[in-house]
Amino acid sequence: MRFRALRPLLASLSLLPLTAAYCVVVVGERFDGTWGGSGILIVVRSNTATLSYNCGSGTMNLPADIADDGRFEASGEHLRKGGAAPRPGEVPDRHPAHYAGRVRGDVMTLTVLLTDIDQTLGTFELARGRTPDLLPCP
């Protein structure tokens, strides 16, 4: 009879190692390195990052540390590019950008918002050290 009362506690304790392994991000962890995904490459060095997309590029000014839960936010710039070389005198299609993401181990999820035109470019999933799947711009 005593063991029946302990079953819910024992069941929840058995899940604890799985939950902790999946969610733990060390406070102050850096995410320097190369991250790749479908249509995106990010190279992080110190507090800045450069991004390459299928038809664009960007920069991020990163926070010094990742939050306890792995989340981060950053500001930066996005540059849209076409397939052809820019013509002389052509004004680049630049936009201020807001980047919101989360790092869990070697996986990063990143959402890119162009703030001046309120357009979300998308949400990307990247892996540390992965070769990106970038396509030539049409």
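Placed above this text is the structure.
Note that the structure is predicted; figures quoted are calculated from it, not measured.

Glancing now at the sheet that holds strand S5 (residues 71–80). Here 8 strands make up a closed barrel; going around it, the order is S1-S2-S3-S4-S5-S6-S7-S8 and the pairing antiparallel. Each adjacent strand pair in this sheet contributes to an overall mean axis angle of 25°, direction not counted. Strand direction decides the pairing type here: strand S7 (residues 107–114) and strand S8 (residues 119–128), joined by 8 bridges, are antiparallel. Pairing of Met108 across the sheet is with Leu126, part of S8.

Here we take up the side chain of Arg102. Its place among the elements puts Arg102 in strand S6 (residues 93–104). For the buried Arg102, no salt bridge is present, and the opposite-charge side chain at shortest range is Asp69, 4.6 Å distant. In this structure, Arg102 is in contact with Asp69, Gly70, Arg71, Phe72, Val107, Met108 and Thr109, ignoring residues within four places of it in sequence.

This brings us to the packing of aromatic side chains. In this structure the tally under the stated criterion is 1 aromatic pair. Residues Tyr53 and Phe124 carry aromatic rings whose centres are separated by 5.9 Å and whose planes lie at 50° to one another, so their mutual orientation is tilted. Of the two residues, Tyr53 is situated in strand S3 (residues 48–53) and Phe124 in strand S8; the sequence distance between them amounts to 71 residues. Comparing Tyr53 with Phe124, the two get one shared label, buried.

Moving on, we get to the pairing of strand S1 (residues 33–37). In this structure, S1 lies alongside strand S2 (residues 40–45), joined through 5 bridges in antiparallel fashion. Residue pairing for S2: Thr34 is matched across the bridge by Val43. In textbook terms, the turn of a hairpin is the stretch between consecutive antiparallel strands, and for S1 and S2 this stretch comprises 2 residues, one of which, Gly39, has a positive phi near 80°. One ladder, built from 3 bridges, connects S1 with S8; its direction is antiparallel. Following the sheet pairing, Gly36 is matched in S8 by Ala127.

A few words on the nonpolar core. Counting 22 residues, the largest nonpolar core has Phe31, Ile42, Met60, Tyr99, Met108 and Leu110 as the members making the most contacts within it. The element that contributes the greatest number of residues to this core is S7, accounting for 4 residues. Ignoring anything within four residues of it in the chain, the contact list for Met108 reads Phe31, Trp35, Ile42, Phe72, Arg102, Val103, Phe124, Glu125 and Leu126.

Before going further, it helps to examine unusual backbone geometry. Non-glycine residue Ser46 carries a positive phi angle of around 55°. Along the chain, Ser46 falls in the loop between S2 and S3. Assessed through its relative accessible area of 49%, Ser46 is described here as partly exposed. Backbone geometry places Asp118, a non-glycine residue, at a positive phi of 50°. Looking at the element boundaries, Asp118 is found in the loop between S7 and S8. Its relative accessible area of 64% is what places Asp118 among the exposed residues.

Let's shift gears to the side chain of Ser57. Positionally, Ser57 belongs in strand S4 (residues 56–61). Residue classification places Ser57 among the buried residues on the basis of a relative accessible area of 16%.

Reading the values: the criteria
The residue count restarts for each chain, going from 1 along the sequence in the order it is written. Totals for whole chains, interfaces and linings use all residues, but because this is a predicted model, local features are given only for residues with pLDDT of at least 70 and pairs of side-chain atoms are given and counted only at 80 or more. Note: side-chain values were computed over all heavy atoms of the structure, leaving out hydrogens and water. Two strands form a pair only when DSSP identifies at least two bridges running between them. Numbered from the N terminus, helices here are DSSP runs of H or I no shorter than four residues, and strands are runs of E no shorter than two. Axis definition: a line fitted to C-alpha atoms, limited for helices to the stretch in contact. Angles are taken between N-to-C directions and run from 0 to 180 degrees. Exposure categories follow from relative accessible area, calculated using a 1.4 Å probe and restricted to protein chains: below 20% of the type maximum is buried, above 50% is exposed, and the middle band is partly exposed. Positive charge is attributed to Lys and Arg, negative charge to Asp and Glu, and no charge count is given to His or to the chain ends. Counted as salt bridges are all cases of a side-chain nitrogen of Lys or Arg within 4 Å of a carboxyl oxygen of Asp or Glu. Whether two residues touch is decided by their heavy atoms; if any such pair falls within 4.5 Å, the residues are in contact. Stacked, edge-to-face and tilted are the three classes for Phe, Tyr and Trp ring pairs, Trp counted by its six-membered ring, which pair at centre distances within 6.5 Å; planes under 30 degrees apart are stacked, over 60 edge-to-face, the rest tilted. Buried Ala, Val, Leu, Ile, Met, Phe, Trp, Tyr and Cys residues that are joined via side-chain atoms within 4.5 Å together make up what is termed a nonpolar core.

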